Amino acid sequence: MGEYFSYHYMSNYYYIILVLPMVILSMVASAKVNSSFKKYSQVMSSRRITGAQAAFEILRYYGITNVQIERVSGNLTDHFDPKANVIRLSDKVYNSTSVAAIGVACHEAGHAAQYAQSYAPIKIRNTILPLANIGSKAGIPLAILGYFLGFGPLALAGVIFFSFAVLFQLITLPVEFNASKRALTVIGEVDILSDEEKKGAKSVLSAAAMTYVAALAVSVANLLRLILSMNRRRD
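Rules and cut-offs
- Residues numbered from 1 in each chain as written.
- Predicted model: local features only at pLDDT ≥ 70, side-chain atom pairs only at ≥ 80, totals over all residues.
- Heavy atoms only, no water.
- Phe/Tyr/Trp six-rings, centres within 6.5 Å; stacked < 30°, edge-to-face > 60°.
- Buried < 20%, exposed > 50% of the residue type's maximum accessible area, 1.4 Å probe, protein only.
- Lys NZ or Arg CZ within 6 Å of the ring centre and 35° of its normal.
- Helix = DSSP H or I, 4+ residues; strand = E, 2+ residues; numbered from the N terminus.
- Expected span 1.5 Å × (residues − 1).
- Bend = angle between axes of the 7 residues up to and from the residue.
- Polar contact = N/O pair within 3.5 Å; in protein donor to acceptor, adjacent residues only side chain to side chain.
- Contact = heavy atoms within 4.5 Å.
- 1 Å grid on protein atoms, 1.4 Å probe; cavity = no way out; pocket = protein on both sides within 12 Å on 5 of 7 lines; lining within 4 Å.
- Points joined across faces, edges and corners; volume = space filled by probe spheres on them.
- Nonpolar A, V, L, I, M, F, W, Y, C, P; charged D, E, K, R; others polar.

Novice: Whenever I open this one, the packing of aromatic side chains confuses me. Can you help?
Specialist: The way to describe two aromatic rings as a pair is by their centre distance and the angle between their planes. All chains considered together, the criterion is met by two aromatic pairs. Consider the rings of tyrosine 61 and tyrosine 62, whose centres lie 5.2 Å apart with planes at 80°: the pair is edge-to-face. On the basis of relative accessibility, which here comes to 37%, the residue tyrosine 61 falls in the partly exposed class. Of note, arginine 182 hangs over the ring of tyrosine 119, and the distance from its end group to the ring centre comes to 5.6 Å.

Given below as structure tokens:
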């Protein structure tokens, strides 16, 4: 019982000093992306091109002809589905002519371009995806269970599995930043947006990228919490 309270105390202690600040950072980043998207959703592009049309322009620039563009319900649910070769754009993006919508749509088309060109980080991320899925769901429970049972190998297995989830998020960063870079480059080259409008799209995409940075920070903090708790158990 004393060991349980010891773990509970130290776990909360590590959570407060390591994880909680990163959770707050993640909340701030999420609020920022929503605020930025809302702001630039009210700024219409001078060309009056829609999000779907902008995504098509990116695909055409890269010579991609086998990717479809569809509408999907929800708010900021935009994504590229590599299995179906479909870019799915949310209601506020698909038919909108706003700077925000165009930025988001072109970003998703940037992901399609990554797959078309076999972008290395995408291939690496897909390779570790199965282990990352296991780690994100079972890593922490396994580590905690191993700690309580006093079975080090189980706790270590949990930490290792969770490490794959952290690695996945780390590799996601260059993937997301590169998709935005591709989008903004083509936006400028084919004049989808004016220079001033492009700044708005960049602001939206930069805010979105910070949510991935914050998510990685939360995961790294949790990983450190597990490792420190394990080391204390050994002591």
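Novice: Even after reading the chapter, I still don't get helix α5 (residues 120–149), so can you show me in this structure?
Specialist: Because an α-helix completes one turn every 3.6 residues, residues spaced three or four positions apart along the sequence face the same direction. In this model α5 runs 41 Å from its N-terminal to its C-terminal C-alpha over 30 residues, within 8% of the 44 Å that 1.5 Å per residue would give. The largest bend along α5 measures about 50° and falls at leucine 129, with the proline proline 130 one to four residues further on. Taken residue by residue, α5 has Pro121, Ile122, Arg125, Ile128, Ala132, Gly135, Gly139, Ala143, Gly146 and Tyr147 as its buried positions.

Novice: I tried to follow the side chain of asparagine 222 on my own but got confused; where do I start?
Specialist: By the element assignment, asparagine 222 lies in helix α7 (residues 195–234). A residue is classified by how much of its surface remains accessible, and asparagine 222, at 11% relative accessible area, is buried. A polar atom in the side chain of asparagine 222 sits 3.0 Å from the side chain of arginine 225. Contact partners of asparagine 222, with chain neighbours within four places excluded, come to Val19, Ile140 and Phe162.

Novice: I tried to follow the layout of surface pockets on my own but got confused; where do I start?
Specialist: If you roll a probe as big as a water molecule over the atoms, it shows you where there is empty space left. The space that makes up the largest pocket amounts to roughly 570 Å³. Forming the boundary of the largest pocket are 25 residues, of which Asp78, His107, Glu108, Glu176 and Tyr212 lie nearest the centre. Going through the elements one at a time, α1 (2–40), β2 (79–81), α4 (99–116), α6 (152–189) and α7 are the ones with two or more residues in the lining of the largest pocket. In terms of residue count, α7 provides more of the lining of the largest pocket than any other element does, six residues in total. A breakdown of the residues in the lining of the largest pocket according to their chemical character gives 12 nonpolar, eight polar and five charged.

Nothing here speaks to function; it is all geometry.
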